[in-house]
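What follows is each chain in one-letter form.
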Amino acid sequence: MDPGTALAVVGIALDTIKDLHAYYVGWKDRNEDVKEVRSDLIWLMNLFEAIRATLTQEDLDRNLSQTICDSIKSCKAIVGKLEKKLATIKRRNT
């Protein structure tokens, strides 16, 4: 995976995670499971923001770039699952 494709995946992941987080904010007082999900989503947002910032550096080390891209490629399936979850939530709320 090249850095441009990795950036696209990161962008999709961030959008999905932010939307899921916004949904769960409304449930913040429900129980500990929701609290844990919200905490995980915040952690993921911070992670992907850092990755995006790193991948947009002009002087990015080639080996670091490849490592990040390989890792993002592994995350792609998980992002797909999150997108499906978000789509289900959005359908229920319309």
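Placed above this text is the structure.
Residues numbered from 1 in each chain as written. Predicted model: local features only at pLDDT ≥ 70, side-chain atom pairs only at ≥ 80, totals over all residues. Heavy atoms only, no water.

Caption draft 1: The overall build of the protein chain, seen in detail. Helix and strand content of the protein chain: three helices and zero strands. Structurally, the protein chain occupies a C-alpha span of about 45 × 20 × 20 Å along its principal axes. The buried share among the 94 residues of the protein chain stands at 29%. When the accessible surface of the protein chain is split by element, carbon and sulfur atoms take 52% of a total near 6,400 Å². If you average the places of the 15 positive and of the 14 negative side-chain charges in the protein chain, the two averages end up 8 Å apart. (Helix = DSSP H or I, 4+ residues; strand = E, 2+ residues; numbered from the N terminus. Buried < 20%, exposed > 50% of the residue type's maximum accessible area, 1.4 Å probe, protein only. Areas by Shrake-Rupley, 256 points an atom, 1.4 Å probe, with all protein chains shown as cover. Lys, Arg positive; Asp, Glu negative; His and termini not counted. Charge placed at Lys NZ, Arg CZ, Asp CG, Glu CD.)

Caption draft 2: Quick look at the nonpolar core. Counting 21 residues, the largest nonpolar core has V10, I17, L20, F48, I51, L55 and I72 as its most contacted members. Elements that contribute at least two residues to this core include exactly α1 (3–25), α2 (32–55) and α3 (62–92). Of all the elements, α1 adds the most residues to this core, at eight residues. (Core = buried A, V, L, I, M, F, W, Y, C linked by side-chain atoms within 4.5 Å.)

Caption draft 3: Quick peek at the environment of Q66. Within the secondary structure, Q66 is located in helix α3. You can call Q66 partly exposed: its relative accessible area is 40%. Along the backbone, Q66 and K35 are 31 residues apart, and their C-alpha atoms lie at a distance of 34 Å.

Caption draft 4: Layout of the side chain of S65. Its place among the elements puts S65 in helix α3. With sequence-adjacent residues up to four places away left out, S65 is seen in contact with P3, L55 and L60. (Contact = heavy atoms within 4.5 Å.)

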